[in-house]
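# Architecture at a glance
As a plain string of letters, each chain reads:
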Amino acid sequence: RSQAFERGWNAFAANDTERRTGLQAAYITNNEHPLGSKDQLDFANGSEEYHAIHKQYHPKYRSILYERNYYDIFMFDLEGNLIYSVYKELDYATNFAVNGTGQWKNSGLGEAFEGALANPDVITVIDWKPYGPSSGALASFLSTGIKKHGELVGVFCTQLPPDARPKDAAEWLRTQKASISTQAADAVLPDAMEAFQQAWNSFAANDAQRQSGLQAAYITNNEHPLGEKDKLDFAPGSEDYHAVHQKYHPKYRSILYDQNYYDIFMFDLKGNLVYSVYKELDYATNFAIGGTGQWKDSGLGEAFEGALANPDVITVIDWKPYGPSNGALASFLSTGIKKNGILIGVFCTQMPPEARLTQILDLSDVERENTALLASVHKLRLRYTSHAKFNGIALAPDSVTFARSQLLTTQEIMKEALFAILDVKRAYYLDAVRKSERTFEDVHNGLVWGDAVSGLPALSNICTLHSMLKVGEELRDLQKNLKFLRDTQAIAVSRELLAELALGGKRLEHAAEDAAHFFRIDDGVDPAAEVAKHRSYTATEAADPELADVILAFKQGWDSFASTDAERLAGLQAAYITNNEHPLGSKDQLDFAPGSEEYHAIHKQYHPKYRGILYDRNYYDIFILDLEGNLI
């Protein structure tokens, strides 16, 4: 199989550069599936032999990935070219040879390739470290040589999922200290610090004018949305600061991505934040303890003062809410910047909130669920918009914005509730929960009944109300739990309540996704014609002569599974939902559950067929019921 991909790779184009650009275009850029689901494409269009080889082998290795819960699977040729991967991240079709020019040759995956090349008969294990193509998430790789008739022909490698990493707070802290020490020792840093300091001083006559001018240039007038201000390489203007920013910003943005930091900061010795990657509201403000800066008493202020007092060590500021990051918990590591032995500034990094999971062991299960909820918001939005585009649906800009805001508000409700439970500024976060609930309700009412101010028509005029009303029902369920939280004066809250909060958030999230799917304007699509089309689809499926046999088979499997409907319900839900290793929303990937019961063999025989019909027709779900009303 490795040789087949190598043959397809070599035949695809005349050189590696053309192969990389061509294959990335075919399997990433022009792949209609959303980011994170590129693996759903079995093969790209084209007469090249590579696509036929991909069609032959990709389903097998995708299935192995799902079954083993790998993050990704890779195959390399002996020159270090990544000739195949399941998920098609940005490392796909690039080169990892240590003496080459590939962007990620010095990454963990590069080490895995070189390790297997040097010792092909053993399993090379690369320990956890941030990996750029996976959005800077921690990654560990296992690799080995691929041989045919005793001759080495390539390298096979797997990437372990982030949740496979053991939680060790001390080890994590050592890693982060080593990382910031490496950045501080970089010869470029003193030059960058000096350049930013000089540019800061020359930008305006005083600090107040510098703050207002730079925040206007890099935040207010920055066309990129909140959370993506880092994408601006430099602002327009003749001031030296913009040229300095253009020179150094891409480097430190890349370090942030690679190391999975939340933010990176540089201070002058007066406490002015002369540079940050993400440009939150702390940017260009002052953090000196004796000054008047808004956040001087925050964790970042402590980090600045700590590095100023002890510039030759790594100062660690423990987790606490940080205002400019919307009150999220933040931890900072800082150290001095020296040039020719003289202190000229302070370098600081902000750790991502999910890194705190290593330090809360008694609530690890709940936090893991909540972290998964937060991480899925962006993926849901991508799925929503890409699905609409794929089906030719033009979404009103306001509908996209408002539907996304509901998902983000769900995220805020869960985050704030969890912080209140953990007794982190309890009163503050309980009040925040109330505000977030009101925000959700206001937007929900605007979506359902229309909002003249925002220019949103009433949904009753353009689509079904069912899905948006469903979101309201789910919100009320979640509110019951939140009300209990607010009314409970004791700090200790049971794990059952925590689990129920997490579950309520997931229900709301999925209902919001469902609502977003249906929230669309009439863009030349005739609703009556759509209904007629789907009536035709259903009639076609119902006329299938095999369907009666399928129903009878499932009925037989249902009846023989257990002696009562209650036992069948409990057993089948356990087998196909609770114990199904695929995540919520992907339970359909399980062809059959383990067990000797006849039902599983029937499910194995017919499930792939009806899953295929669902995908082809773009149904939301397909059901078969017996005459007693059981959803068999």
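Residues numbered from 1 in each chain as written. Predicted model: local features only at pLDDT ≥ 70, side-chain atom pairs only at ≥ 80, totals over all residues. Heavy atoms only, no water.

## Side note on the sheet that holds strand β6 (residues 263–267)
Judged by pairing direction, the sheet is antiparallel, and its 5 strands sit side by side in the order β7-β6-β10-β9-β8 without closing on themselves. Two strands in the sheet have a free side with no partner beyond their single neighbour: β7 (273–276) and β8 (315–322). Taking each pair of neighbouring strands and ignoring which way they run, the sheet shows an average axis angle of 25 degrees. Pairing between strand β9 (residues 328–339) and strand β10 (residues 342–350): 8 bridges, direction antiparallel. Along β10, the bridge assignment pairs Lys338 with Leu343. (Pairing = 2+ DSSP bridges. Helix = DSSP H or I, 4+ residues; strand = E, 2+ residues; numbered from the N terminus. Axes fitted to C-alpha atoms, helices over the stretch in contact; angles between N-to-C directions.)

## With respect to the pattern of salt bridges
In this structure the tally under the stated criterion is 21 salt bridges. Here Arg7 and Glu49 are joined by a salt bridge, their closest N and O atoms 2.8 Å apart. Of this pair, Arg7 sits in helix α1 (residues 2–12) while Glu49 sits in helix α3 (residues 49–68), and the two are 42 residues apart along the sequence. With a relative accessible area of 45%, Arg7 lands in the partly exposed category. Look at Glu49 and you get partly exposed, because its relative accessible area is 35%. Between Arg62 and Asp42 there is a salt bridge whose closest N-O contact spans 2.9 Å. A residue pair is termed long-range when its members are at least 10 positions apart, and Arg62 in helix α3 and Asp42 in the loop between α2 (16–29) and α3 qualify at 20 residues. Judged by relative accessible area, which is 13%, Arg62 ranks as buried. Residues participating in the shared-partner salt-bridge network are Lys555, Asp559, Asp626 and Glu628. (Salt bridge = Lys/Arg side-chain N within 4 Å of Asp/Glu carboxyl O. Buried < 20%, exposed > 50% of the residue type's maximum accessible area, 1.4 Å probe, protein only.)

## So, the packing of helix α7 (residues 207–220) against helix α8 (residues 240–259)
Look at α7 against α8: their axes get within 12 Å of each other, and the N-to-C directions meet at 45 degrees. Between α7 and α8, the angle is such that the two are oblique. In this structure, α7 meets α8 at a crossing whose hand is right-handed. Contacts between α7 and α8 pair Leu214, Ala217 and Tyr218 from the former with Tyr241, His242 and His245 from the latter. Looking at the contact of α7 with α8 residue by residue, the classes come out as 4 nonpolar, 2 polar and no charged. (Parallel < 35°, antiparallel > 145°, perpendicular 65-115°, else oblique. Left-handed = near helix turned anticlockwise from the far one by under 90°. Contact = heavy atoms within 4.5 Å. Nonpolar A, V, L, I, M, F, W, Y, C, P; charged D, E, K, R; others polar.)

## A word on the nonpolar core
Looking at soluble globular proteins, one finds that nonpolar side chains tend to be buried together. In terms of nonpolar packing, the biggest core is built from 38 residues, with Phe196, Leu214, Tyr218, Tyr241, Tyr252, Met266 and Phe347 touching the most fellow members. Elements with a contribution of two residues or more to this core: α6 (188–203), α7, α8, β6, β7, β9 and β10. In terms of residue count, the dominant contributor to this core is α6 (8 residues). Ranked by size, the runner-up nonpolar core spans 24 residues in total, among them Ala4, Trp9, Tyr27 and Tyr92. (Core = buried A, V, L, I, M, F, W, Y, C linked by side-chain atoms within 4.5 Å.)

## Some thoughts on the packing of aromatic side chains
Scanning the entire structure with this criterion turns up 30 aromatic pairs. Taken together, a centroid distance of 6.4 Å and an interplanar angle of 75 degrees make the contact between Phe12 and Tyr50 edge-to-face. Note that Phe12 is positioned in helix α1 and Tyr50 in helix α3, a separation of 38 residues in sequence. Among the residues examined, Phe12 registers a relative accessible area of 15% and is labelled buried. The ring of Tyr283 has Lys279 lying over it, and the distance from NZ or CZ to the ring centre is 5.2 Å. Above the ring of Tyr537, the side-chain terminus of Arg617 is found at 4.1 Å from the ring centroid. (Phe/Tyr/Trp six-rings, centres within 6.5 Å; stacked < 30°, edge-to-face > 60°. Lys NZ or Arg CZ within 6 Å of the ring centre and 35° of its normal.)

## Regarding the side chain of His600
For His600, the location among the structural elements is in helix α18 (residues 598–617). There is a polar contact of 3.3 Å between the side chain of His600 and the side chain of Glu597. (Polar contact = N/O pair within 3.5 Å; in protein donor to acceptor, adjacent residues only side chain to side chain.)

## Quick notes on the packing of helix α16 (residues 547–561) against helix α17 (residues 565–578)
At a minimum axis separation of 8 Å, α16 and α17 run at an interaxial angle of 105 degrees. In terms of orientation, α16 and α17 fall into the roughly perpendicular class. Of α17, the residues touching α16 (which contributes Trp558, Asp559 and Phe561) are Asp565, Arg568, Leu569, Gly571 and Leu572. Of the residues that constitute the contact of α16 with α17, the class distribution is 4 nonpolar, 1 polar and 3 charged.

## Describing the side chain of Asp230
With respect to the secondary-structure elements, Asp230 resides in the loop between α7 and α8. Polar contacts involving the side chain of Asp230 include one to the side chain of Tyr257, which spans 2.4 Å. In contact with Asp230, not counting residues within four places along its chain, are His249, Arg253, Tyr257, Val277 and Tyr278.

## A closer look at the environment of Thr124
Examined against the element boundaries, Thr124 turns out to sit in strand β3 (residues 124–130). Thr124 sits 19 residues away from Ser143 along the chain, and the two C-alpha atoms are 5.2 Å apart. Separated by 3.5 Å, the side chain of Thr124 and the backbone oxygen of Gly115 make a polar contact.

## A word on the sheet that holds β3
Taken together, 5 strands build an open sheet; the order of strands is β2-β1-β5-β4-β3 and the sheet is antiparallel. Taken across any chain shown, the strands that pair with only one partner, and hence form the sheet edges, are β2 (82–85) and β3. Geometrically, the sheet is characterised by an average inter-axis angle of 25 degrees between neighbouring strands, direction not taken into account. Across 8 bridges, the pairing between strand β4 (residues 138–148) and strand β5 (residues 151–159) is antiparallel. By the bridge assignment for β5, Thr144 is matched with Phe156. Along the sheet, α3 makes contact with β1 (72–76), β2 and β5, crossing β2 at roughly 55 degrees.

## Some words on the pairing of β8
Where β8 lies against β9, 6 bridges are found, and the strand directions are antiparallel. Along β9, the bridge assignment pairs Pro321 with Leu329.

## Here's the deal with the environment of Pro133
Turning to its location among the elements, Pro133 is positioned in the loop between β3 and β4. When its relative accessible area of 10% is taken as the criterion, Pro133 is described as buried. Considering only alpha carbons, one finds Pro133 and Gln103, 30 residues apart in sequence, at a separation of 10.0 Å. In contact with Pro133, not counting residues within four places along its chain, are Glu89, Leu90, Asp91 and Trp104.

## Observations concerning α2
By the burial criterion, the buried members of α2 are Arg19, Leu23, Gln24, Ala26, Tyr27 and Ile28. The N-cap residue of α2 is Asn15: its side-chain oxygen and the backbone nitrogen of Thr17 are 3.1 Å apart.

## Quick look at the confidence of the model for the protein
Per-residue pLDDT for the protein averages 79, and the proportion of residues at 70 or more is 72%. Confidence, read as mean pLDDT per element, is least for helix α10 (residues 364–390) in the protein (40) and greatest for β7 (97). Below pLDDT 50 for its whole length, residues 357–400 participates in 80 contacts with residues either more than four positions away or in separate chains. Note on residues 516–525: pLDDT is under 50 here. Beyond four places in sequence and across chains, it has 25 contacts. (pLDDT = per-residue confidence, 0-100.)

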